[in-house]
Amino acid sequence: MAEFQYDLVVIGSGPAGQKGAIAAAKLGKRVAVIDRREMTGGVCVHTGTIPSKTLREAILYLSGFRQRTFYGKDYVVSDRISARDLAHRVQRVIEREVEVVHHQLRRNGVTSLIGSALFADAHTLEVTPETSHSFRVTGEHILIACGTRSASTPGIPLDGEFIFDADQLPDVPELPRDLIVVGAGVIGLEYASMLTALDIKVTIIDQRPALLDFVDREMIEALSYHMRRRGATFRLGETVTRVERDVQGRVVAHLESGKKVHGGALLYTVGRQANSDLLDLPAAGLSADSRGRIPVDEYFRTSAPHIYAAGDVIGFPSLASSSSEQGRLASNHMFGVNHRRANAELLPYGIYTVPEMSMVGRTEQQLTAAKVPYEVGVAKYEELAKGQILGDETGLLKMLFDPEKLTLYGVHAIGDGAAELIHIAQAVLAFGGTIEYFRDTVFNYPTLAEAYKVAALAGLNRL
Ligand SMILES: Cc1cc2nc3c(=O)[nH]c(=O)nc-3n(C[C@H](O)[C@H](O)[C@H](O)COP(=O)(O)OP(=O)(O)OC[C@H]3O[C@@H](n4cnc5c(N)ncnc54)[C@H](O)[C@@H]3O)c2cc1C
């Protein structure tokens, strides 16, 4: 039998690669992770989750946004907020996160190999560091966790300064006074909404007629309302055909309908392209779809049984949260340990718009389409002492439940802390609980979690 240098070689050190590598190392396997030096931690740490969420916190802090209920619309912590002020906090958090990743890999005895990898054959990867010669490394198993990059489109002249994608946004040197956002997916809406908190006028363009169709409509109505109040304009059902800069240096987006939208800058967030196109997949007997996504079975195995793929490279749901878990499950499976896969219906979504939205379980649209009768209980943050203390008078939590058996179907929340709050519902759903649990439980006071009790009582009153 061939002698391999490693039991597992992982391509990519994002959440899927890290957790896959560490899970295998914990089983006593010899593991190596390959990534470029400046990308330790993946898109998640460098251009995706961590920078965008840190940017959001920096904006909410420096703009005094959360304090405006008490001190007026004009309240700001810092009068002139520059891109550099925001970047400072982002850089600090990235540096710390990179340290954490390095430390975790080292502590678990995982070897870090620096460079870009591609397949030489089904067990061999050629690794090319930026400044030295290529070398080869062999693995009995391989985990592809190479993630994605922003998809590019001909006709969108990205320059990283005035016309940029989500990967470039954290490094943009100047904040514009008005911004065009093309693509109203989660990433586009998160950035658009946080920038409106800085009084940047945002125009959001998307060819789809509705925002985030997997999210409860009431939450979307609330989000659109708050964004519009802060000066956002939505151009939905509109397609951008071309983008250019005019003689004054302003960015102009030309729409198929003949309209032109002008702005100081343009953020282009239309989908992601998986990095598998750079791996020479055919050398390993593998292939991917047009967006680079690699098909896998329920255990994250590709068509080659010793090669697994996890994280954004396999497509939906493309979240850091699920990618980590997929990496861990993939490694466990390849070394004969089978853990139960989380129920996909109980996957929580945290959407870090301003205000934040989160959901778990089924939506009203889904229940109606499936002809499942349901009842609704709503708690408004303004009814909660904690909502008043925080100054969040607009948040709400809505629960959907079976009017006969009182079983919980789903919870949808918008407002401060929504992404944290939702895990209470996730636990109750996982155990098949009823909303009587919320009615009969004592919650800390004052907390936002009390919203569960208020919503349950409101829902029971409707029966
Ligand atoms: C703006 C933005 C905001 C986001 N916000 C959230 C959020 O709030 N919550 C959430 O859960 N998710 C969020 N996501 C999604 C999340 O970042 C991804 O789901 C997650 O990073 C995917 O992890 P991954 O391990 O698949 O790959 P990635 O994090 O993409 O990492 C892949 C790594 O593979 C490396 N690589 C690629 N090709 C090679 C090669 N040939 N050789 C060596 N190395 C290679 C890359 O350099 C990279 O470091 C966000 C994404 C973006 C873009």
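Anyway, here's the lowdown on the structure attached to this text.

Rules used in this analysis
- Residues numbered from 1 in each chain as written.
- Predicted model: local features only at pLDDT ≥ 70, side-chain atom pairs only at ≥ 80, totals over all residues.
- Heavy atoms only, no water.
- 1 Å grid on protein atoms, 1.4 Å probe; cavity = no way out; pocket = protein on both sides within 12 Å on 5 of 7 lines; lining within 4 Å.
- Points joined across faces, edges and corners; volume = space filled by probe spheres on them.
- Helix = DSSP H or I, 4+ residues; strand = E, 2+ residues; numbered from the N terminus.
- Nonpolar A, V, L, I, M, F, W, Y, C, P; charged D, E, K, R; others polar.
- Pairing = 2+ DSSP bridges.
- Axes fitted to C-alpha atoms, helices over the stretch in contact; angles between N-to-C directions.
- Contact = heavy atoms within 4.5 Å.
- Phe/Tyr/Trp six-rings, centres within 6.5 Å; stacked < 30°, edge-to-face > 60°.
- Lys NZ or Arg CZ within 6 Å of the ring centre and 35° of its normal.
- Parallel < 35°, antiparallel > 145°, perpendicular 65-115°, else oblique.
- Left-handed = near helix turned anticlockwise from the far one by under 90°.
- Core = buried A, V, L, I, M, F, W, Y, C linked by side-chain atoms within 4.5 Å.
- Buried < 20%, exposed > 50% of the residue type's maximum accessible area, 1.4 Å probe, protein only.

**Some words on empty space enclosed by the protein**
A full pass over the atoms with the stated rule returns three cavities of 30 Å³ or more. A volume near 150 Å³ is recorded for the largest cavity. The dominant element in the lining of the largest cavity, judged by the number of residues it contributes, is helix α5 (residues 83–107), at three residues. When grouped by side-chain class, the residues that make up the lining of the largest cavity number 12 nonpolar, no polar and one charged. Reported here for the second largest cavity is a volume of approximately 70 Å³. Along the walls of the second largest cavity sit Ser13, Val33, Ile34, Asp35, Arg36, Thr40, His102, Leu105, Ser112, Leu113 and Ile114, which together make up its complete lining. Listed by contribution, the elements that provide at least two residues to the lining of the second largest cavity are β2 (31–35), α5 and β3 (111–114).

**Points about the sheet that holds strand β11 (residues 233–236)**
Backbone hydrogen bonds hold the strands of a sheet together, and the pairing may be parallel or antiparallel. As summarised here, the arrangement of the five strands in space is β8-β15-β9-β10-β11, forming an open sheet in which the pairing is parallel. In the strand order of this sheet, the two ends are held by β8 (163–165) and β11, each with one partner. Across the sheet, the mean angle from the axis of one strand to that of its neighbour is 20°, orientation sign disregarded. Relative to strand β10 (residues 201–206), strand β9 (residues 178–182) is paired through five bridges, and the arrangement is parallel. Each residue of the ladder has a partner; that of Val181, found in β10, is Ile204. Across the sheet, helix α6 (residues 186–196) touches β9, β10, β11 and β15 (265–268), and the angle it forms with β10 is around 165°.

**Describing the packing of aromatic side chains**
Overall, the coordinates contain three aromatic pairs when judged by the stated rule. Taken together, a centroid distance of 5.5 Å and an interplanar angle of 70° make the contact between Tyr437 and Phe438 edge-to-face. Three or more aromatic residues link up through ring pairs in this structure, and these residues are Tyr437, Phe438 and Tyr452. The side chain of Arg245 reaches across the aromatic face of Phe162, ending 3.8 Å from its centre.

**Comments concerning the packing of helix α3 (residues 49–62) against α5**
At their nearest, the axes of α3 and α5 sit 9 Å apart, and the two run at 140° to each other. The angle between α3 and α5 falls in the class oblique. Crossing of α3 over α5 shows right-handed handedness. The segment α3 lies against α5, with Ile50, Pro51, Thr54, Leu55, Glu57, Ala58, Ile59, Tyr61 and Leu62 engaging Asp85, Leu86, Arg89, Val90, Val93, Ile94 and Glu97. The residue makeup of the contact of α3 with α5, split by class, is 11 nonpolar, one polar and four charged.

**Here's the deal with the nonpolar core**
Soluble, globular proteins show a tendency: their nonpolar side chains are buried together. Leu179, Ile204 and Met357 are the most contacted members of the largest nonpolar core, which totals 49 residues. Sorting elements by how many residues they give to this core places α3 first, with six residues. Among the nonpolar cores identified, the runner-up in size contains 46 residues, and Tyr6, Ala21, Ala274 and Tyr308 belong to it.

**Let's talk about the side chain of Thr138**
Tracing the sequence through the fold places Thr138 in strand β6 (residues 135–144). The class for Thr138 is buried, based on a relative accessible area of 18%. Residues in contact with Thr138, not counting those within four places in the same chain, are Glu3, Phe4, Gln5, Tyr6, Val9, His123 and Thr124.

**A look at the packing of α3 against α6**
Any two packed helices are characterised by how steeply their axes cross, that is the angle between the axes, and by the distance between the axes. Two numbers describe how α3 lies on α6: the axes approach to 9 Å, and their chain directions differ by 15°. If you check the angle between α3 and α6, you find them roughly parallel. Classified by chirality, the crossing of α6 by α3 is left-handed. Listed contacts from α6 to Ser52, Lys53, Leu55, Arg56 and Ile59 of α3 are Glu190, Tyr191, Met194 and Leu195. Residue composition of the contact of α3 with α6, grouped by class: five nonpolar, one polar and three charged.

Spatial relationships are all this shows, so hold off on functional conclusions.
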